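Residue-level structural notes
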Amino acid sequence: MGIRGELYTNQVQLDNRSYFFNVKENRAGDVFLQIVESKKGDGLDSERHQVCIFAEDMQKVFSGLDEAVKFIEKDRKARAKARAEKKAAKEAKFGHGANEKLVYKKKNSPEAKKDDGIKRTGKVIHIKSKKDSSEEE
């Protein structure tokens, strides 16, 4: 038995957080899992939160954790499917011309009345290339 009753420890380090999974034994001989989250704060400060789960409760806690993970995965897939359907509906409505840039101008603006070689139809401005206009002449 190690220091402070530690039997086993494992660390998972992320960008601004670390998680420690410590298997410990108390003075009464009860084995438990201690999960510690350490979050880096400003300067030298850090927040620490811990949860202790005793051996006789682990199966119930882990089954609850497993259900929560399954829900998260199911929800993530449903959200991804909804985003894909929304994108497909948008493309069906507006067409696949995502690369074309549409410019909207007010009808009565001074910019709309200029004769600058730009063909205007409604609110959408279609810009002709110089190559096309030189071929027409």
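Residues numbered from 1 in each chain as written. Predicted model: local features only at pLDDT ≥ 70, side-chain atom pairs only at ≥ 80, totals over all residues. Heavy atoms only, no water.

Some remarks on the overall build of the protein
Helices and strands together make up the secondary structure of the protein, namely 3 helices and 6 strands. Counting from the amino terminus, helix and strand elements in the protein follow one another as β-β-β-β-α-α-β-β-α. As displayed, the protein has an accessible area near 12300 Å², and 53% of this comes from carbon and sulfur atoms. (Helix = DSSP H or I, 4+ residues; strand = E, 2+ residues; numbered from the N terminus. Areas by Shrake-Rupley, 256 points an atom, 1.4 Å probe, with all protein chains shown as cover.)

Topic: the packing of aromatic side chains
For the coordinates displayed, the defined rule picks out 1 aromatic pair. Judged by centre distance (5.3 Å) and plane angle (45°), the rings of Phe32 and Phe54 are tilted. With a gap of 22 residues between them, Phe32 in strand S3 (residues 31-40) and Phe54 in strand S4 (residues 46-54) connect regions that are remote in the sequence. Accessibility expressed as a relative area gives 11% for Phe32, which makes it buried. (Phe/Tyr/Trp six-rings, centres within 6.5 Å; stacked < 30°, edge-to-face > 60°. Buried < 20%, exposed > 50% of the residue type's maximum accessible area, 1.4 Å probe, protein only.)

Notes on the sheet that holds strand S2 (residues 17-25)
The strand order across the open sheet built from 4 strands is S1-S2-S3-S4, with neighbouring strands paired in antiparallel fashion. Looking at which strands have only one partner, the edges of the open sheet turn out to be strand S1 (6-13) and S4. Recorded for the sheet is a direction-independent mean angle of 15° between the axes of neighbouring strands. (Pairing = 2+ DSSP bridges. Axes fitted to C-alpha atoms, helices over the stretch in contact; angles between N-to-C directions.)

So, the side chain of Asn22
Within the secondary structure, Asn22 sits in strand S2. There is a polar contact of 2.3 Å between the side chain of Asn22 and the side chain of Thr9. (Polar contact = N/O pair within 3.5 Å; in protein donor to acceptor, adjacent residues only side chain to side chain.)

Overview of the pairing of S3
Relative to S3, S2 runs antiparallel, the two being bridged by 9 bridges. Note that in S3 the partner of Ser18 across the bridge is Ser38. Counting the residues in the hairpin turn of S2 and S3 gives 5 residues, including Gly29, whose phi is positive at 90°. Relative to S4, S3 is paired through 9 bridges, and the arrangement is antiparallel. Residue pairing for S4: Glu37 is matched across the bridge by His49.

Considerations on the environment of Arg4
The topology assignment puts Arg4 in the segment before S1. Sequence separation between Arg4 and Glu25 is 21 residues, and the spatial gap between their C-alpha atoms is 8.4 Å.

Quick word on the side chain of Gln34
By the secondary structure assignment, Gln34 is in strand S3. At 3.1 Å, the side chain of Gln34 forms a polar contact with the side chain of Lys24.

Quick word on helix H1 (residues 58-94)
Helix length check: H1 (37 residues) gives 53 Å between terminal C-alpha atoms against 54 Å at 1.5 Å per residue, within 8%. Of the residues flanking the end of H1, it is Gly95, one or two places downstream, whose phi is positive at about 90°. (Expected span 1.5 Å × (residues − 1).)

Things to note about a nonpolar patch on the surface
Together, Val61, Phe62, Leu65 and Val69 give the surface a local cluster of nonpolar side chains, amounting to about 310 Å² of exposed area. One can find Leu65 in helix H1. For Leu65, a relative accessible area of 49% puts it in the partly exposed group. (Patch = residues over 30% accessible without salt bridge, like charges linked within 9 Å, V, L, I, M, F, W, Y side chains within 5 Å. Salt bridge = Lys/Arg side-chain N within 4 Å of Asp/Glu carboxyl O.)

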